Amino acid sequence: MAKWMLLFAGFAIIVGNASGIYSMYQPKVGPIGNGEIANYVWVSIIFSTLAGVIAIAQFVALLIHDNHKKRFPTLETERFILRPIEISDAKEVFYYFSKDEVTKYYDLDTFKDVKEAKALIGNWQKKYQKKEGIRWGIATKEENKIIGSCGYHNWEKKHFKAEIGFEVAPEFWRKGIMIEVLQPILRYGFELMDLNRIEALFAPDNIACKKTLEKAGFVYEGTFRKSAFEKGRFCDEAICSLLKKEFVQ
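Summarised in this report is the structure supplied together with it. Predicted, not measured: the structure shown is a model, and the values here were computed from it. Sequence order as written defines residue numbering, which begins from 1 separately in each chain. The predicted origin of the model limits local features to residues at a pLDDT of at least 70 and limits the giving and counting of side-chain atom pairs to 80 or more, whereas totals for whole chains, interfaces and linings rest on all residues. Hydrogens and waters are ignored; side-chain quantities use all the structure's heavy atoms.

**Quick notes on the environment of Leu108**
Here is step 1 of the chain: A run of H or I in DSSP becomes a helix once it reaches four residues, and a run of E becomes a strand once it reaches two; helices and strands are each numbered from the N terminus. On the secondary structure map, Leu108 appears in the loop between α4 (100-103) and α5 (114-129).
Here is step 2 of the chain: Burial classification: accessible surface area is computed with a 1.4 Å probe over protein chains only, and a residue below 20% of its type maximum counts as buried, one above 50% as exposed, and the rest as partly exposed. Classification of Leu108 by relative accessible area gives partly exposed; the value is 23%.
Here is step 3 of the chain: Once residues lying within four places of it in the same chain are set aside, the contact partners of Leu108 are Phe97, Thr103, Leu120 and Lys231. In this analysis, two residues are considered to be in contact whenever any of their non-hydrogen atoms come within 4.5 Å of each other.

So, in structure tokens, the structure goes:
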């Protein structure tokens, strides 16, 4: 309702100003005088017209934002809402990416500034808009607060496969959150993204990640030796995968 009020107000101001200008230029007797408009009147018209344009621009921005949220597939589990991550969530994203224990196995340096979180969120949003991937924010139902994320990247549509990744704030570790969250996201990948194979790459010594994936049904396939260059060094990558025919809901 609020955005439609902005649209109505914006058009009303602009149309009103246009009508006023037209009337002022008609031959008449009055304080304006024979169509000659005083400077202060023009200033008023210009500023009010600008206000109208801003109101319409805000309407367009809100409309785009709402359409984006409508298109984004929000999922739900028993404890969490899986929703789009917005710039307004940057503080929460920065919170857990500013911890060394979270970035230890991540191809990112530990965040030092909330601007880094905003940049990461922007990157996730761009990938979704380009249909190159999708990242859900894991939000608590009680507070709608982001505590982590999970989603797909390296989406190879030609081969019907994508890579999955996830993270969660340390205080929520070992509480079965990722097993709960992975179920609807895996279902979405197989049913709506038409994936036949979902892969997960992780550091071989990240035992917690491996156990989580295996609980979700992934099969360990092996280790690629020195296949990645991260944080200034070559490192091994272990790989697990889950096939559509193996997915048990």
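Anyway, onward from the coordinates.
**Looking at the pairing of strand β2 (residues 80-83)**
Looking along a regular strand, one sees the side chains alternate between the two faces of the sheet.
Here is step 1 of the chain: Whether two strands pair comes down to DSSP finding at least two bridges between them. Note: strand β1 (residues 75-76) against β2, two bridges, orientation antiparallel. Residue pairing across strands places Leu75 opposite Leu82, the latter belonging to β2.
Here is step 2 of the chain: Where β1 folds back onto β2 in an antiparallel hairpin, the turn is made up of three residues.
Here is step 3 of the chain: The sheet contact formed by β2 and strand β3 (residues 134-140) spans four bridges and is antiparallel. When the bridges of β3 are listed, Leu82 appears paired with Ile138.

**Some thoughts on helix α3 (residues 90-97)**
Here is step 1 of the chain: Looking only at α3, the buried set comprises Ala90, Val93, Tyr96 and Phe97. Buried positions in α3, seen along its axis, are confined to an arc of 140° and lie on one side of it.
Here is step 2 of the chain: Buried-residue contacts for α3 involve α4, α5, β4 (146-156) and β5 (161-168). It is the directions from the helix axis to the C-beta atoms that the arc portrays.

**A closer look at the nonpolar core**
Here is step 1 of the chain: Among the buried residues, those of types Ala, Val, Leu, Ile, Met, Phe, Trp, Tyr and Cys that are joined through side-chain atoms within 4.5 Å form a nonpolar core. Counting 36 residues, the largest nonpolar core has Trp136, Tyr152, Ile164, Val181, Ile185, Leu186 and Phe218 as the members making the most contacts within it.
Here is step 2 of the chain: Sorting the residues of this core by element identifies β2, β3, β4, β5, α6 (177-191), β6 (197-202), α7 (207-215) and β8 (233-243) as the ones contributing at least two each.
Here is step 3 of the chain: The leading source of residues in this core is α6, at eight residues.
Here is step 4 of the chain: Membership of the second largest hydrophobic core comes to 15 residues, among which are Ile85, Tyr96, Tyr106 and Ala117.

**Examining the pattern of salt bridges**
Close approach of charged atoms allows side chains of opposite charge to pair.
Here is step 1 of the chain: Salt bridges are defined as contacts in which a side-chain nitrogen from Lys or Arg sits within 4 Å of a carboxyl oxygen from Asp or Glu. The tally for this structure, following the rule as stated, stands at seven salt bridges.
Here is step 2 of the chain: Note that Arg79 is salt-bridged to Glu180, the shortest N-O span being 2.6 Å. Within this pair, whereas Arg79 is found in the loop between β1 and β2, its partner Glu180 is found in helix α6, the two being separated by 101 residues in sequence.
Here is step 3 of the chain: Residue Arg79 is classed as partly exposed on the basis of its relative accessible area of 33%.
Here is step 4 of the chain: Judged by relative accessible area, which is 18%, Glu180 ranks as buried.
Here is step 5 of the chain: Among the ionic pairs, Glu199 bridges to Lys161, the shortest N-O distance being 3.6 Å. Pair noted here: Glu199 is in strand β6 and Lys161 is in strand β5, with a separation of 38 residues, a long-range link.
Here is step 6 of the chain: Put simply, Lys161, Arg197, Glu199 and Glu221 are held in one network by salt bridges that share partners.

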